[in-house]
Amino acid sequence: MALIVQKYGGTSVGSPERIKNVARRVARWQGQGHQVVVVVSAMSGETNRLIALAKEVQANPEPRELDVMVSTGEQVTIALLTMALVDLGLKARSYTGGQVRILTDSAYTKARIVKIDEDKLRADLSDGYIIVVAGFQGEDEGGNITTLGRGGSDTTGVALAAALKADECQIYTDVDGVYTTDPRIVPEARRLNTITFEEMLEMASLGSKVLQIRSVEFAGKYRVKLRVLSSFEEEGAGTLITFEEDDKMEQATISGIAFNRDEAKITILGVPDRPGIAYQILGPVGDANIDVDMIVQNVGHDGLTDFSFTVHRNDYQKVLGILKPVAAHIKAREVQGGDKIAKVSIVGVGMRSHAGIASTAFRTLAEEGINIQMISTSEIKISVVIDEKYMELAVRVLHKAFGLDQPQ
Ligand code: ADP
Ligand code: ASP
Ligand code: MG
């Protein structure tokens, strides 16, 4: 007998029929003698609908109230799934995040899980109940409802698996695993049987929304056995997230390509080239709680240099506002920017032992006439910032150039 945590995403619970399908799948696992905890998202489109509704009333919705509101999406699906399970003659019980007591910090709309009280769940499991928990939500010390950021049900699933020391956490979604890139953009993308934890972490942080990054962080920290698989197919092993030391097989050089349109670029031209300048520019940005991603400072000429960095697109206008006075103060010439950029990244642990990956990537983009505006690298990834209009083309040609469409 195993303890399994299963998470079903929005599309997988998108209609009453699909909810009944999920109930049948859960029933099969329980019928094989396993204990099952199920985490569900809101029905597809529901979270977006609720956010849009809030914005009709308040352009910049009050974060505490927004969380009170969007958390209702998941509350609906836990009840519906539990009804479907009861209808199959099973013992099942639903819990909101707060009822479990998934304790989070108080950062509304992007709260972090601090602690989970799993006693009640364990007691229910030993009484033969299937437990259905609302994803994406928790409660802070003061009993306020919080949510975990878009895609946060993945994190609820993995965090519960960690707290319960589950044998496996299964993320059921509308694709049958993690692919070499988003199959919606590149139909030739291939499903990976395994991907290392580090690669998955990079893919998620660089824009692959198949798993929320915090869920991957949890899996790494608590060594949760994590698998991504399809809720629409009966068979299939999906993709297992592995830890490198378990991976005896030879690694492909590149495992996948991630992309992200959520960034904007800001350049300050004609900055006096002296110590402390980076701090003077980025200090106020950090003080405003805005994360900076890539940073490039050019070689100076005649005592002046250019300084560029990227931020989330939502923060673009705010950063421009912050930097206009800063630029005047440090006597820089001009602040420029653009939010029509995209970041494309190649990810693979095999890069550690292979040279020439970067040159292949740059040549491939050059052959298509795609200009690279910024580059950043780590041991296992290369990211480039390009004009947004070439993003899909860049992903497709890189996918082909690294043979990701070929069977391994
Ligand atoms: P859910 O609602 O089940 O949480 P998501 O929409 O959050 O589902 O995530 C699944 C989607 O992630 C897929 O439909 C796919 O378009 C997208 N995706 C992006 N990158 C990848 C990738 N590398 N492999 C698989 N799916 C990916
Ligand atoms: N319903 C939430 C969202 O749409 C959480 C999730 O689906 O994981 O972001
Ligand atoms: Mg998701």
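Anything mentioned here points back to the structure above.
Residues numbered from 1 in each chain as written. Chains lettered and ligands numbered in written order. Predicted model: local features only at pLDDT ≥ 70, side-chain atom pairs only at ≥ 80, totals over all residues. Heavy atoms only, no water.

Trainee: In this structure, what is going on with unusual backbone geometry? I would like to understand it.
Mentor: A negative phi angle characterises most non-glycine residues, just as the trans form characterises most peptide bonds. A positive phi angle is found at Thr-109, which is not glycine, with a value near 70 degrees. As for its position among the elements, Thr-109 is in the loop between strand 4 (102-104) and strand 5 (113-116). Even without being a glycine, Arg-223 presents a positive backbone phi close to 55 degrees. Assignment of secondary structure puts Arg-223 in the loop between helix 8 (213-222) and strand 11 (226-230). When its relative accessible area of 48% is taken as the criterion, Arg-223 is described as partly exposed. (Helix = DSSP H or I, 4+ residues; strand = E, 2+ residues; numbered from the N terminus. Buried < 20%, exposed > 50% of the residue type's maximum accessible area, 1.4 Å probe, protein only.)

Trainee: Please clarify how the site of ligand 2 should be interpreted in this entry.
Mentor: Close to ligand 2 lie Ser-41, Thr-47, Glu-74, Phe-136, Arg-150, Gly-151, Gly-152 and Ser-153, which account for all nearby residues. Note that a nitrogen atom of ligand 2 is positioned 2.7 Å from one of the side-chain N or O atoms of Glu-74. In the complex, 86% of the free accessible area of ligand 2, which totals 270 Å², lies under the protein chains. (Near = heavy atom within 4 Å. Polar contact = N/O pair within 3.5 Å; in protein donor to acceptor, adjacent residues only side chain to side chain. Areas by Shrake-Rupley, 256 points an atom, 1.4 Å probe, with all protein chains shown as cover.)

Trainee: Is there a simple way to think about the pattern of salt bridges in this case?
Mentor: Pairing is possible between side chains of opposite charge, provided their charged atoms come close. For the coordinates displayed, the defined rule picks out 23 salt bridges. Glu-17 is the salt-bridge partner of Arg-24, the closest N and O atoms lying 3.6 Å from each other. On the basis of relative accessibility, which here comes to 36%, the residue Arg-24 falls in the partly exposed class. On the basis of relative accessible area, Glu-17 is assigned to the partly exposed category, the value being 46%. One salt bridge in this structure joins Arg-101 and Glu-139, with 3.0 Å as the shortest N-O distance. Remark: Glu-139 occurs in strand 7 (residues 137-139) and Arg-101 occurs in the loop between helix 4 (97-100) and strand 4; sequence separation between them is 38 residues. By sharing partners, the salt bridges in this structure join Glu-168, Lys-225 and Arg-227 into a single network. (Salt bridge = Lys/Arg side-chain N within 4 Å of Asp/Glu carboxyl O.)

Trainee: Sorry, what's going on with helix 6 (residues 153-163) here?
Mentor: Think of an α-helix as turning once every 3.6 residues; residues three or four places apart then point the same way. Burial analysis of helix 6 places 11 of its 11 residues in the buried class, the great majority of the element. Directly beyond the C-terminal end of helix 6, a positive phi value near 50 degrees is found at Lys-165.

Trainee: How should I be thinking about the site of ligand 1 in this particular structure?
Mentor: Around ligand 1, the structure places 17 residues, and the nearest of them are Thr-173, Asp-174, Tyr-179, Asp-182 and Arg-184. Between ligand 1 and the protein, one listed contact pairs an oxygen atom with a side-chain N or O atom of Lys-7 at 3.0 Å. Lys-209 places a polar main-chain atom, nitrogen or oxygen, 3.5 Å from an oxygen atom of ligand 1. Taking 580 Å² as the accessible area of ligand 1 by itself, protein coverage stands at 84%. Partitioned by chemical class, the residues of the shell around ligand 1 number six nonpolar, six polar and five charged. (Nonpolar A, V, L, I, M, F, W, Y, C, P; charged D, E, K, R; others polar.)

Trainee: Explanation requested: the environment of Tyr-8 in the structure shown.
Mentor: Residue position: Tyr-8 is located in strand 1 (residues 3-8). Classification of Tyr-8 as buried rests on a relative accessible area of 0%. On a C-alpha basis, the gap between Tyr-8 and Thr-173 in space is 6.1 Å, while along the polypeptide they are 165 residues apart. Non-local contacts of Tyr-8, meaning those with residues more than four positions away in its chain, are made with Val-13, Val-22, Arg-25, Val-26, Val-38, Val-39, Val-40, Ser-41, Tyr-172 and Ser-231. A polar atom in the side chain of Tyr-8 sits 2.8 Å from the side chain of Gln-6. (Contact = heavy atoms within 4.5 Å.)

Trainee: What is the right way to read the sheet that holds strand 20 (residues 381-387) from this model?
Mentor: Hydrogen bonds between backbone groups are what pair the strands of a sheet, and the pairing can be parallel or antiparallel. With respect to topology, four strands assemble into an open sheet ordered 13-18-20-19, the strand pairing being antiparallel. The open sheet terminates on both sides in strands that have one partner only, identified here as strand 13 (256-260) and strand 19 (374-378). Strand-to-strand twist of the sheet, defined as the mean angle between neighbouring strand axes without regard to direction, takes the value 20 degrees. Pairing of strand 19 with strand 20, which is carried by five bridges, proceeds in the antiparallel orientation. Bridge pairing in strand 20 places Thr-377 opposite Ile-382. (Pairing = 2+ DSSP bridges. Axes fitted to C-alpha atoms, helices over the stretch in contact; angles between N-to-C directions.)

Trainee: What am I meant to see in the side chain of Lys-265 here?
Mentor: Locating Lys-265 in the fold gives a position in strand 14 (residues 263-272). Asp-306 provides the closest opposite charge to the buried, salt-bridge-free Lys-265, at an N-O distance of 10.0 Å. Engagement of the side chain of Lys-265 in a polar contact is seen with the side chain of Gln-373, the distance being 3.1 Å. The contact partners of Lys-265, leaving out residues within four places of it in the chain, are Ser-308, Phe-309, Thr-310, Tyr-316, Gln-336, Gly-337, Gly-338, Ile-341, Gln-373 and Met-374. (Lys, Arg positive; Asp, Glu negative; His and termini not counted.)

Trainee: Where do I start with the packing of aromatic side chains in this structure?
Mentor: For the structure shown, the criterion picks out four aromatic pairs. When the ring of Tyr-8 is compared with that of Tyr-172, the centres are 4.7 Å apart and the planes differ by 10 degrees; the resulting orientation is stacked. Taken together, the residues Tyr-8 in strand 1 and Tyr-172 in strand 9 (residues 168-173) connect sequence positions 164 residues apart. The exposure classification of Tyr-8 matches that of Tyr-172, with both residues buried. Lying over the aromatic face of Tyr-129, Lys-91 brings its terminal NZ or CZ to 4.8 Å of the ring centre. One Lys or Arg, Arg-223, reaches over the ring of Phe-243 and ends 4.1 Å from the middle of that ring. (Phe/Tyr/Trp six-rings, centres within 6.5 Å; stacked < 30°, edge-to-face > 60°. Lys NZ or Arg CZ within 6 Å of the ring centre and 35° of its normal.)

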